[in-house]
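Descriptive analysis of the structure
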Amino acid sequence: MEVLNGNQVSKSLKIAIKAEVEQLKKDGKKTPHLAAILVGNDGASMTYVAAKEKDCKEVGFDSTVLRFDSSITEEELLNEVIKINNNPAIDGLIVQLPLPKHISEKRVTETIDYHKDVDGFHPMNVGLMFKGLPSFLPATPFGIVKLLEHYGIETSGKHCVVIGRSDIVGKPMSALMLQKNCTVTVCHSKTKNIEEHILMADIIIAAVGIPEYLKASMVKEGAIVVDVGITRVDDSNNPKGYVLKGDVDYANVSSKCSWITPVPGGVGPMTRVGLLLNTLEAVKRK
Ligand code: GUN
């Protein structure tokens, strides 16, 4: 078994992004600027936004974080999005999800100018992606494709089973693997005989959000396993009060597969680099 090392690959991609930013600046072009909107004080969301800010700094991007109390109304939030849409200094905008219940994530996502939608969640970008046209790809599937490409993983003619059908990971992942000439099966909570499908996979993308869901008995010998899960599981022995668990029973699955992503250090850092690549692309397209 070999490890698909997201930490290492993301580091080398960030060095390349930084060099491109320096070149843009030398050429008198714009410094990429990413804005993030954070509503409320969900622990995971605050951690993710802080990480995105740190990443921007590392590669030489400008970044702005707009923080709002969870009592903000939908209309007020939409007005903030429109202000950023109209601000030429800002190239990319993400609104960290989830949002409070009284705000429609659909309305917010659809209000972002799709030219600045570096999350790739706007229906325009989703449509372009499904047609294989230039678009902003959602950061996690984008990062996973980059990781597989880095290690020269053959996808053509392979059977890829995606477990999970979310708008953020499962659906776009299936589209991208199809474009990479895989035969794709998408499994979800209503799939019958799910283990039979997964056992046929050459490549498994686990994006269910259930800690250690994927057991060794569900994995074909020599399969490639990509673990998208990152769930906080309470652990009083840990100073943080929790540990991060993936969707894969790593201890038992790893000995059975040919390649595997660890958690942490696999998909997570590649997702972060996917967002940076999209923000850089937003500037280059101008
Ligand atoms: N919440 C969980 N993942 C994401 C993501 O990729 N983008 C945004 N905006 N919110 C998220």
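Preceding block: the structure.
Digging into the site of the ligand
In the neighbourhood of the ligand, the contacting residues comprise Val95, Gln96, Leu97, Asp119 and Phe121. Between the ligand and the protein, one listed contact pairs a nitrogen atom with a backbone N or O atom of Leu97 at 2.9 Å. Its free accessible area being 280 Å², the ligand has 79% of it covered by the protein chains. Grouping the constituent residues of the shell around the ligand by class yields 3 nonpolar, 1 polar and 1 charged.

A word on the packing of aromatic side chains
Aromatic ring pairs: the centre-centre distance and the angle between the two ring planes describe each pair. If you walk through the whole model with that rule in mind, you get 1 aromatic pair. When the ring of Tyr151 is compared with that of Trp259, the centres are 5.2 Å apart and the planes differ by 50°; the resulting orientation is tilted. Residue Tyr151 is located in the loop between helix 6 (139-150) and strand 5 (159-163), and its partner Trp259 is located in strand 11 (residues 259-260); the two are separated by 108 residues in the primary sequence.

Focus: the nonpolar core
Across soluble globular proteins, nonpolar side chains have a tendency to be buried as a group. Ranked by size, the top nonpolar core spans 49 residues in total, and within it Leu4, Ile17, Phe61, Ile144, Leu148, Ile205 and Val226 carry the most contacts. Excluding residues within four positions of it along the chain, Ile17 makes contact with Val59, Phe61, Val273, Leu276, Leu277 and Leu280.

Points about helix 10 (residues 267-284)
Relative to the 26 Å expected for 18 residues at 1.5 Å per residue, helix 10 spans 25 Å between its end C-alpha atoms, a close match to the ideal helical length. Along helix 10, 13 of the 18 residues are buried, which leaves the element largely enclosed by surrounding structure.

Quick notes on unusual backbone geometry
A negative phi angle characterises most non-glycine residues, just as the trans form characterises most peptide bonds. Cis geometry marks the peptide bond from Leu97 to Pro98; its omega dihedral reads 0°. Among the secondary structure elements, Pro98 is positioned in the loop between strand 4 (92-95) and helix 4 (105-111). Omega for the bond connecting Val263 with Pro264 falls within 30 degrees of zero, at -5°, which places this linkage in the cis form. Along the polypeptide, Pro264 turns up in the loop between strand 11 and helix 10. Positive phi, normally seen in glycine, also occurs at Asn181, with a value near 65°. Secondary-structure assignment places Asn181 in the loop between helix 7 (170-179) and strand 6 (183-187). Here Glu212, not a glycine, exhibits a phi torsion of approximately 55°, which is positive.

Calculation notes
- Residues numbered from 1 in each chain as written.
- Predicted model: local features only at pLDDT ≥ 70, side-chain atom pairs only at ≥ 80, totals over all residues.
- Heavy atoms only, no water.
- Near = heavy atom within 4 Å.
- Polar contact = N/O pair within 3.5 Å; in protein donor to acceptor, adjacent residues only side chain to side chain.
- Areas by Shrake-Rupley, 256 points an atom, 1.4 Å probe, with all protein chains shown as cover.
- Nonpolar A, V, L, I, M, F, W, Y, C, P; charged D, E, K, R; others polar.
- Phe/Tyr/Trp six-rings, centres within 6.5 Å; stacked < 30°, edge-to-face > 60°.
- Helix = DSSP H or I, 4+ residues; strand = E, 2+ residues; numbered from the N terminus.
- Core = buried A, V, L, I, M, F, W, Y, C linked by side-chain atoms within 4.5 Å.
- Buried < 20%, exposed > 50% of the residue type's maximum accessible area, 1.4 Å probe, protein only.
- Contact = heavy atoms within 4.5 Å.
- Expected span 1.5 Å × (residues − 1).

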